There are 2 protein chains.
Amino acid sequence: MNRKQTPLREQTRNVVRSLLAQTAVELFAAQGYDDTTLDEVAAAAGVSRRTLFNYFRNKEDLALSGLSEQGELIAASLAERPADEDPWTSLRAAFQVLEEIETTAERRLELITLLFGNETLRAGHAEKQARWQDLLAPLIEPRLPESDRRALEARTIAAAAIACLQAANEEWVRLSGQVDLFDLYDTAVRAIHRT
Amino acid sequence: MNRKQTPLREQTRNVVRSLLAQTAVELFAAQGYDDTTLDEVAAAAGVSRRTLFNYFRNKEDLALSGLSEQGELIAASLAERPADEDPWTSLRAAFQVLEEIETTAERRLELITLLFGNETLRAGHAEKQARWQDLLAPLIEPRLPESDRRALEARTIAAAAIACLQAANEEWVRLSGQVDLFDLYDTAVRAIHRT
DNA sequence: CACAGCGTTGCACGCAGTGCACGTTGCTAC
DNA sequence: GTAGCAACGTGCACTGCGTGCAACGCTGTG
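Parameters at a glance
Residues numbered from 1 in each chain as written. Chains lettered and ligands numbered in written order. Predicted model: local features only at pLDDT ≥ 70, side-chain atom pairs only at ≥ 80, totals over all residues. Heavy atoms only, no water. Near = heavy atom within 4 Å. Polar contact = N/O pair within 3.5 Å; in protein donor to acceptor, adjacent residues only side chain to side chain. Helix = DSSP H or I, 4+ residues; strand = E, 2+ residues; numbered from the N terminus. Nonpolar A, V, L, I, M, F, W, Y, C, P; charged D, E, K, R; others polar. Buried < 20%, exposed > 50% of the residue type's maximum accessible area, 1.4 Å probe, protein only. Contact = heavy atoms within 4.5 Å. Domains from an automatic or database assignment. Buried area = accessible area lost by both parts, 1.4 Å probe. Salt bridge = Lys/Arg side-chain N within 4 Å of Asp/Glu carboxyl O.

Q: Go over the protein's contact with DNA strand D, please, and point to the residues and values.
A: In the vicinity of DNA strand D there are 16 residues, among which Arg50 and Lys59 of chain A together with Arg9, Thr51 and Tyr55 of chain B approach most closely. Expressed as a percentage, the sugar and phosphate content of the atoms of DNA strand D within 4 Å of the protein is 57%. For DNA strand D, a phosphate oxygen lies 2.7 Å from a polar atom in the side chain of Thr51 of chain B. At the level of secondary structure, the elements contributing two or more residues to the surface near DNA strand D comprise helix H3 (49–55) of chain A together with helix H3 (49–55) of chain B. The greatest single-element share of the surface near DNA strand D, amounting to four residues, is contributed by H3 of chain B. Of the residues assigned to the surface near DNA strand D, the class counts are four nonpolar, six polar and six charged.

Q: I'd like a description of the environment of Leu184 of chain B, backed by residues and values.
A: For Leu184 of chain B, the location among the structural elements is in helix H10 (residues 181–192). Take Leu184 of chain B: its relative accessible area is 1%, and that puts it in the buried class. Expressed as a C-alpha distance, the spacing of Leu184 of chain B and Asp35 of chain B, which sit 149 residues apart in the sequence, is 34 Å. Those residues in contact with Leu184 of chain B, other than ones at most four positions away along the chain, are Arg149 and Leu152 of chain A together with Ala168, Glu171, Trp172 and Val179 of chain B.

Q: An account of the domain arrangement of chain A is requested, with residue identities and associated values reported.
A: Residues and elements named next belong to chain A. Segmenting chain A into domains produces domain 1 (1–56) and domain 2 (60–192). Taken together, the contact between domain 1 and domain 2 spans 15 residues of the former and 11 residues of the latter. Here domain 1 packs against domain 2, burying approximately 1100 Å² in sum over the two surfaces, 70% of which is carbon and sulfur. If you sort the residues of domain 1 by the area they bury against domain 2, Val25, Tyr33 and Phe56 come out on top, with a joint share of 49%. For the pair domain 1 and domain 2, the number of links is zero salt bridges. Residue classes in the side of domain 1 that touches domain 2 are distributed as 11 nonpolar, one polar and three charged.

Written out as structure tokens, the structure is:
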């Protein structure tokens, strides 16, 4: 029977994956994304280059692997909000799981700086956040009043909320993390959503 | 004197650029983006592979070159709107230059289908649209009331409007272009922006 | 001990992208 | 008209990403 083996394997696999991503991000931050070859990452992690591709689809994934999980976390958090809550209130609460997860402000800044400093990574980041819509919109749709375009409305609300989060995040980085992220988020939401 | 040469060269250069992009897109649409090598594109266009890189930064640019110009067109259109106009009204009007420019609905669908069907292109598209914010936000900011976070507010409005356009565009594709794009856009805007 | 499954690894290959150097073309100046 | 100049096209060599394939070692099992 392998009823218990599979979870074990997956568990170790996830650990290794995290380790690999961590060493990769450190190298990227230290000497730049483009100036770091996968051979160097592999050597630093003590595995072969070929093995990296067993854990990550490509170089970009090595840097962005954390973002996909974030989307799932937000979606899971959103799913637990009361069904009769206002979507914007639910989304704001769901986004706050990010503050619980992330490590120190320094580490966040390091990662985001790396991320914003390279066009490929920015593009990958934008795409990942666009995929968050796919997770969030279905959870928002049932909360909206009857309409023949409810799917579009739900998607738009998800996209707009993510855009607010993104704008707040950029401003937060610009201010070197000196202010509260969700103060900025609230400002952003108020700018577009008159209640 | 080369007061007239430079425009001439640039003009021919732009023409060649368009030709190259066009043949590339046709090939991409016909046999898929990943399954089309730059050697094939070069051969189809009658130039060397090396020359492609004289006109485009990379393969992705061959497919997305049109999008950057669109951002500049929208920005130019936005700049001409009256200064005391509501930002959302101005943005809606500015976006409408897209309808004037684009070719047939079939061609748009072909391009967008290609674009949505590949992850790399989706990412590049998302990033390009994110860069639109850099062009639009500065034009929106002076239209906003005094505030100590006006830059963030302007950026958010630009991002939200683009998100509405994007959501409307996706829905428009999903409906195979059977409805008016700006009806969908208005629906999207109403979903987030209670006036 | 033999065996089977699984992950790791090396190897070879195709393709994207870059630096460099050479040939061609077309305009400028004399 | 001709010499020269500048931009462009092109070939070549090279680095690095990403993939298919086959072999190797490790671990648990009968």
